[in-house]
Amino acid sequence: MAATRSPAPDKNAAPPLPEPLAVPVADSHTHLDMQSGTVDEALAKAASVGVTTVVQVGCDLAGSRWAAETAEQYENVHAAVALHPNEAPRVVHGDPDGWSRQDARQAGGMAALDAALEQIAALAALPQVRGVGETGLDYFRTGEEGVEAQTYSFRRHIEIAKRYDKALVIHDRDAHDDVLRVLAEEGAPRTVVFHCYSGDAAMAKVCADAGYHMSFAGNVTFKNAQPLRDALAVAPAELLLVETDAPFLTPAPYRGRPNAPYLIPLTLRAMAQVKGVDEDTLAAAVAANTARVFGY
């Protein structure tokens, strides 16, 4: 009798629920507006495995407004608002050829960027908005022509975070040295988070010396991510956060499938293994860190 082969898993299927955490934690960075299902469903599913709080992060004006509105409606949702580093050059230069893989956009110049930043500042003043981000620099997609707009936007976001004493949530892709330089030049806010930390162990030590928090996502579980694990190994426990960046960066063994806050336990357990501590100890640390960073 011929052996039957199990069907390949559906790449679009949600991964199964992980074993619940005994100590509740927060997803410090997620995009519920980019995920399937309702907010209520996402929060209930997350809570069922011990992920009881989420920080909903905006990447443009519409997303930032949605984050603020959602955080106002849900006690365990907190908002961060910003123009993503790749959004700033789209506002200034437009997007006629679709390089950003988003909708086409007419160029608005620096005046349009200033107007958008003023709206971000107004949102940042709201009490349910706990962070300014994700902002920073991203040299992977935008190219040299976007650096000026990105850097200007990043500097303005730093000022907004300091004005309202909100955590600065940084997106840093292929731009480590410049991100650190701009932070030093502007004077960093009281609280800084490197979201989806992507530096090496040497940079982790620089961040630790400056008191910057490092938030690790599902990519720390990837086979090719030893530099991230090396960075995690030297990062102080009191500066660690955990995040999904959902729907992106789904942790192993479900890489490539949709991510969501309920999958935080997979990343946290991998982090605990790297740190050589039990998961309850790490969960207690990151839960306290996240509450302190975002002031809830």
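This one's a predicted model, so the numbers in the text were calculated from it and none came from an experiment. (Residues numbered from 1 in each chain as written. Predicted model: local features only at pLDDT ≥ 70, side-chain atom pairs only at ≥ 80, totals over all residues. Heavy atoms only, no water.)

Q: What is the right way to read the overall build of the protein chain from this model?
A: Scanning the protein chain from terminus to terminus reveals ten helices and eight strands. Here the protein chain has a C-alpha radius of gyration of 19 Å; the compact-globule value for 296 residues is 19 Å, and the two agree. Seen along its three principal axes, the alpha-carbon backbone of the protein chain occupies a region of about 70 × 45 × 40 Å. Within the protein chain, the proportion of its 296 residues that are buried is 52%. In the protein chain, the share of contacts with a sequence separation of at least 24, taken over all contacts with a separation of at least 6, comes to 71%. Between the centroid of the 25 positive side chains of the protein chain and the centroid of its 38 negative side chains there is a distance of 4 Å. (Helix = DSSP H or I, 4+ residues; strand = E, 2+ residues; numbered from the N terminus. Rg over C-alpha atoms; globule rule 2.2 N^0.38 Å. Buried < 20%, exposed > 50% of the residue type's maximum accessible area, 1.4 Å probe, protein only. Contact = heavy atoms within 4.5 Å. Lys, Arg positive; Asp, Glu negative; His and termini not counted. Charge placed at Lys NZ, Arg CZ, Asp CG, Glu CD.)

Q: Please clarify how the pairing of strand S2 (residues 51-57) should be interpreted in this entry.
A: Note on strand geometry: in a regular strand, side chains alternate between the two faces of the sheet. In terms of burial, S2 is largely enclosed, as six of its seven residues are buried. Bridge analysis of strand S1 (residues 25-30) against S2 gives four bridges, and the strand direction is parallel. Residue pairing in the sheet places Thr30 in a bridge with Gln56 of S2. Of the crossover connections in this fold, the one passing from S1 over helix H1 (residues 39-47) to the parallel S2 is right-handed. With four bridges joining them, S2 and strand S3 (residues 77-81) adopt parallel strand pairing. Of the residues in S3, the one forming a bridge with Val57 is Ala80. Taken together, S2, helix H2 (residues 61-73) and S3 form a β-α-β motif whose crossover is right-handed. (Pairing = 2+ DSSP bridges. Right-handed = clockwise from strand over helix to strand, strands pointing away.)

Q: How should I be thinking about the nonpolar core in this particular structure?
A: Note on soluble globular proteins: their nonpolar side chains tend to be buried together. With 73 residues, the main nonpolar core has Phe154, Leu183, Phe194 and Tyr197 as its most contacted residues. The dominant element in this core, judged by the number of residues it contributes, is helix H4 (residues 109-124), at seven residues. In contact with Phe154, not counting residues within four places along its chain, are Thr135, Gly136, Leu137, Leu168, Ile170, Val179, Val182 and Leu183. Residues Val57, Ala80, Val193 and Leu241 belong to the second largest nonpolar core, which totals nine residues. (Core = buried A, V, L, I, M, F, W, Y, C linked by side-chain atoms within 4.5 Å.)

Q: When you look at the pairing of S3 in this model, what are you seeing that I'm missing?
A: Burial analysis of S3 places five of its five residues in the buried class, which makes it a mostly covered element. Side chains Val77, Ala79 and Val81 project from S3 onto one buried face, and the interleaved His78 and Ala80 project onto a second face that is buried too. Pairing analysis gives three bridges linking S3 to strand S4 (residues 129-138), with the strands arranged parallel. Counterpart to Ala79 in the pairing with S4 is Val129.

Q: How should the sheet that holds S3 be read in this particular structure?
A: The strands that make up a sheet pair up through hydrogen bonds in the backbone, lying either parallel or antiparallel. As summarised here, the arrangement of the eight strands in space is S1-S2-S3-S4-S5-S6-S7-S8, forming an open sheet in which the pairing is parallel. At either margin of the open sheet sits one strand with a lone partner, and together these are S1 and strand S8 (240-242). In this sheet, adjacent strand axes meet at a mean angle of 30° when their direction is disregarded. Pairing of S4 with strand S5 (residues 167-173) involves six bridges; the strand directions are parallel. Its bridge partner being in S5, Asp138 is matched across the sheet by Arg173. On top of the sheet, helix H5 (residues 147-164) reaches S4 and S5; it is set at about 160° to S4, its chief contact. Of the strands in this sheet, S5, strand S6 (192-194) and strand S7 (213-216) touch helix H7 (residues 201-210), which is tilted by about 135° from S7. (Axes fitted to C-alpha atoms, helices over the stretch in contact; angles between N-to-C directions.)

Q: What am I meant to see in the confidence of the model for the protein chain here?
A: Low-pLDDT stretches of the model should not have their predicted coordinates read in fine detail. Per-residue confidence for the protein chain gives a mean pLDDT of 94; residues scoring 70 or more make up 94%. Confidence, read as mean pLDDT per element, is least for helix H3 (residues 87-93) in the protein chain (93) and greatest for S8 (99). (pLDDT = per-residue confidence, 0-100.)

Q: Before we go on, may I ask you to explain the packing of helix H8 (residues 226-234) against helix H9 (residues 264-275) in this structure?
A: The description of two helices packed together rests on the angle between their axes and the distance between the axes. With their axes 9 Å apart at the nearest point, H8 and H9 run at an angle of 65° to one another. Considered as vectors, H8 and H9 are oriented roughly perpendicular to each other. The element H8 and its partner H9 pack so that their crossing is right-handed. The residues of H9 that touch H8, namely those facing Arg229, Leu232, Ala233 and Val234, are Met271, Val274 and Lys275. When the residues that make up the contact of H8 with H9 are grouped by side-chain class, the tally is five nonpolar, no polar and two charged. (Parallel < 35°, antiparallel > 145°, perpendicular 65-115°, else oblique. Left-handed = near helix turned anticlockwise from the far one by under 90°. Nonpolar A, V, L, I, M, F, W, Y, C, P; charged D, E, K, R; others polar.)

Q: Hey, could you run me through the packing of aromatic side chains in this one?
A: Aromatic ring pairs: the centre-centre distance and the angle between the two ring planes describe each pair. Within this structure, the stated rule accounts for two aromatic pairs. With a centroid separation of 5.9 Å and 40° between ring planes, the pair formed by Phe194 and Tyr212 is classed as tilted. Residue Phe194 is located in strand S6, and its partner Tyr212 is located in the loop between H7 and S7; the two are separated by 18 residues in the primary sequence. Given the relative accessible area of 1%, Phe194 is considered buried. Ring centres of Tyr197 and Phe216 lie 5.4 Å apart, and the angle between their planes is 45°; this geometry places the pair in the tilted category. Of this pair, Tyr197 sits in the loop between S6 and H7 while Phe216 sits in strand S7; the two residues are 19 residues apart in sequence, bridging distant segments of the chain. Residue Phe216 is classed as buried on the basis of its relative accessible area of 1%. (Phe/Tyr/Trp six-rings, centres within 6.5 Å; stacked < 30°, edge-to-face > 60°.)

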